[in-house]
Amino acid sequence: MGQVKVSVFQQAKTGNYYCGDSFFYEETNREFVCAIADGLGSGEIAKESSQVVIDIIQNNIHASIESIIKECNQQLQGKRGVVIGILKLDFQAEMYSFSSIGNIGVLTITDHQHKKRNIPNAGYLAGFHRPFKIVREKLLPDMVFIMFSDGVTDRDLSQKYLLTKNVQEITETFKCLASENRSDDTTLIAMHYRGAD
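Here we summarise the structure given alongside this text. Only a predicted model underlies this, so the values are computations on that prediction, with no experimental measurement involved. (Residues numbered from 1 in each chain as written. Predicted model: local features only at pLDDT ≥ 70, side-chain atom pairs only at ≥ 80, totals over all residues. Heavy atoms only, no water.)

1. Quick word on helix H1 (residues 44-59)
- A rise of 1.5 Å per residue sets the reference length of H1, with its 16 residues, at 22 Å; its end C-alpha atoms lie 22 Å apart and thus fit the reference within 8%.
- Every buried residue of H1 is listed here: Ala46, Ser49, Ser50, Val52, Val53, Ile54, Ile56 and Ile57.
- Residues of H1 that are buried sit in contact with strand S2 (21-27), strand S3 (31-39), helix H2 (65-75) and strand S4 (82-90). (Helix = DSSP H or I, 4+ residues; strand = E, 2+ residues; numbered from the N terminus. Expected span 1.5 Å × (residues − 1). Buried < 20%, exposed > 50% of the residue type's maximum accessible area, 1.4 Å probe, protein only. Contact = heavy atoms within 4.5 Å.)

2. Focus: H2
- All of the buried residues in H2 are Ile65, Ile68, Ile69, Cys72 and Asn73. When H2 is viewed along its axis, its buried side chains cluster within an angular range of 135° and face the same direction. Exposed positions of H2 whose direction lies more than 90 degrees from the buried face are Lys70 and Gln74.
- Those residues of H2 that are buried are in contact with H1, S4 and strand S5 (95-101). (Arc of directions from axis to C-beta.)

3. Re the side chain of Asp21
- Its location among the elements puts Asp21 in strand S2.
- For the buried Asp21, no salt bridge exists, and the shortest N-O distance to an oppositely charged side chain is 8.1 Å, to Lys47.
- Of note is the side chain of Asp21, whose polar atom sits 2.8 Å from the side chain of Ser149.
- A distance of 2.8 Å separates the side chain of Asp21 from the side chain of Thr187, its partner in a polar contact.
- Look past the residues within four positions of Asp21 in its chain and what remains in contact with it is Gln10, Ala37, Asp38, Lys47, Ser50, Ser149, Asp185, Thr186 and Thr187. (Lys, Arg positive; Asp, Glu negative; His and termini not counted. Salt bridge = Lys/Arg side-chain N within 4 Å of Asp/Glu carboxyl O. Polar contact = N/O pair within 3.5 Å; in protein donor to acceptor, adjacent residues only side chain to side chain.)

4. Here we look at the sheet that holds S5
- A sheet is described by the order of its strands in space; here five strands give the open sequence S2-S3-S4-S5-S8, paired in antiparallel fashion. The open sheet has two edge strands, S2 and strand S8 (135-138), and neither has a second partner. On average, each strand axis in the sheet is inclined to that of its neighbour by 10°, with strand direction left out of account.
- Here S4 pairs with S5 via seven bridges, running antiparallel. Looking across to S5, one finds that Ile84 is bridged to Ile101.
- Across the sheet, H1 lies against S2, S3 and S4, angled at about 15° from S2, the strand it touches most.
- Those strands touched by H2 are S4, S5 and S8, and its axis lies near 160° from that of S4. (Pairing = 2+ DSSP bridges. Axes fitted to C-alpha atoms, helices over the stretch in contact; angles between N-to-C directions.)

5. Here we look at the sheet that holds strand S9 (residues 143-148)
- Read across the sheet, five strands follow the order S1-S10-S9-S6-S7 without closing on themselves; strand pairing throughout is antiparallel. On the outer flanks of this sheet lie strand S1 (4-11) and strand S7 (115-117), each paired with one strand and no other. With direction set aside, neighbouring strand axes in the sheet form an average angle of 15°.
- Two strands pair when backbone bridges link them, and strand S6 (residues 105-109) and S7 are joined in this way by three bridges, in the antiparallel orientation.

This is the structure in structure tokens:
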């Protein structure tokens, strides 16, 4: 039984078969890693670029966020650009770190229902050097993390149902309340860190 429960909602932009968002998450005994990559534009070409980034993260899950982003940037030379968000929970250090370039967001909700939204770095990855900052904060038991692409609106994020610890309930409610006709690819990943048993 892992320390993080995860539930995912994903839907392509109206009229598209391919969703340009790719995501990945994995838990090891040391840490939990989650990422969303959104290829610029939409459809198959956007999907190709976002998948390049996800493959790199999958193959380097124990690397630092800094080195993952630098490697992704290098591999995207000559390809369609990507916006990206990476979240890491370090179980031993009891810290979480997050970095986002472009419009991938993370909302953290503590046990006391205190919501905090991280502001992403501007721009996107496309092979050029880009400065970025990494948020590092204390990881507390019973924290909920909501990671999302730009199809998720501010109105969606202000809803009360996000305050539950039941991640399945969060994505199910989002699916019911979210509009069928999406003007953008949409990915929402809800994660509940229970803490060590």
